[in-house]
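# Coordinates in review
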Amino acid sequence: QVQLVESGGGLVQAGGSLRLSCASSGRTIENDAMGWLRQAPGKEREFVAGISTSTSAQYADSVKGRFTISRDNAKNTVYLQMNSLKPEDTAVYYCAGHFDTDFISTSLRFYQYWGQGTQVTVSA
């Protein structure tokens, strides 16, 4: 059974940076599309970034140019580098995956397995 564990969240000032990691156990993610999604207080969960098996990436408009998603299949890990953070980036960030596909989707329903999330708080 696949398990995703996120890490790297925390408290940072506006303009700062964080790198989130998502480590998979129980399954090799090499053939899976992976994504990061987030949920802010009082808001619906939303897509942030996705990466295909061929490392094509897709981003939400709100994070383009500031966030970078990447993957290291040898380490079975996906990353989200977040720069120029804003208070509106405050949310719980979730890593998620879709089995055996090179397709990326912004739809939350596309993702078949999820981590527990890591809190990111950006102070003004």
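Look up: the structure comes first, before these words.
Quick notes on the rules
Residues numbered from 1 in each chain as written. Predicted model: local features only at pLDDT ≥ 70, side-chain atom pairs only at ≥ 80, totals over all residues. Heavy atoms only, no water. Helix = DSSP H or I, 4+ residues; strand = E, 2+ residues; numbered from the N terminus. Rg over C-alpha atoms; globule rule 2.2 N^0.38 Å. Buried < 20%, exposed > 50% of the residue type's maximum accessible area, 1.4 Å probe, protein only. Contact = heavy atoms within 4.5 Å. Areas by Shrake-Rupley, 256 points an atom, 1.4 Å probe, with all protein chains shown as cover. Lys, Arg positive; Asp, Glu negative; His and termini not counted. Charge placed at Lys NZ, Arg CZ, Asp CG, Glu CD. Pairing = 2+ DSSP bridges. Axes fitted to C-alpha atoms, helices over the stretch in contact; angles between N-to-C directions.

Attention now moves to the overall build of the protein chain. Of regular secondary structure, the protein chain possesses zero helices and eleven strands. Secondary structure of the protein chain in N-to-C order comes out as β-β-β-β-β-β-β-β-β-β-β. Scaling as 2.2 N^0.38, a compact globule of 124 residues should have a C-alpha radius of gyration of about 14 Å, and the protein chain matches this with 13 Å. A burial count over the protein chain gives 46% of its 124 residues as buried. Considering only residue pairs separated by 6 or more positions, the protein chain has 61% of its internal contacts joining residues 24 or more positions apart. Counting only carbon and sulfur atoms, one obtains 45% of the accessible surface of the protein chain, whose full area is about 6200 Å². In the protein chain, which carries 11 positive and 11 negative side-chain charges, the distance between the mean positions of the two groups comes to 4 Å.

On to the sheet that holds strand β8 (residues 77-82). Where strands meet in a sheet, backbone hydrogen bonds hold them as pairs that are either parallel or antiparallel. The antiparallel open sheet is built from four strands, whose spatial order is β1-β3-β8-β7. Two strands lie at the open edges of the sheet, namely β1 (3-7) and β7 (67-72), each paired on one side alone. Each adjacent strand pair in this sheet contributes to an overall mean axis angle of 15°, direction not counted. The sheet contact formed by β1 and strand β3 (residues 18-25) spans five bridges and is antiparallel. The residue of β3 that forms the bridge with Ser7 is Ser21.

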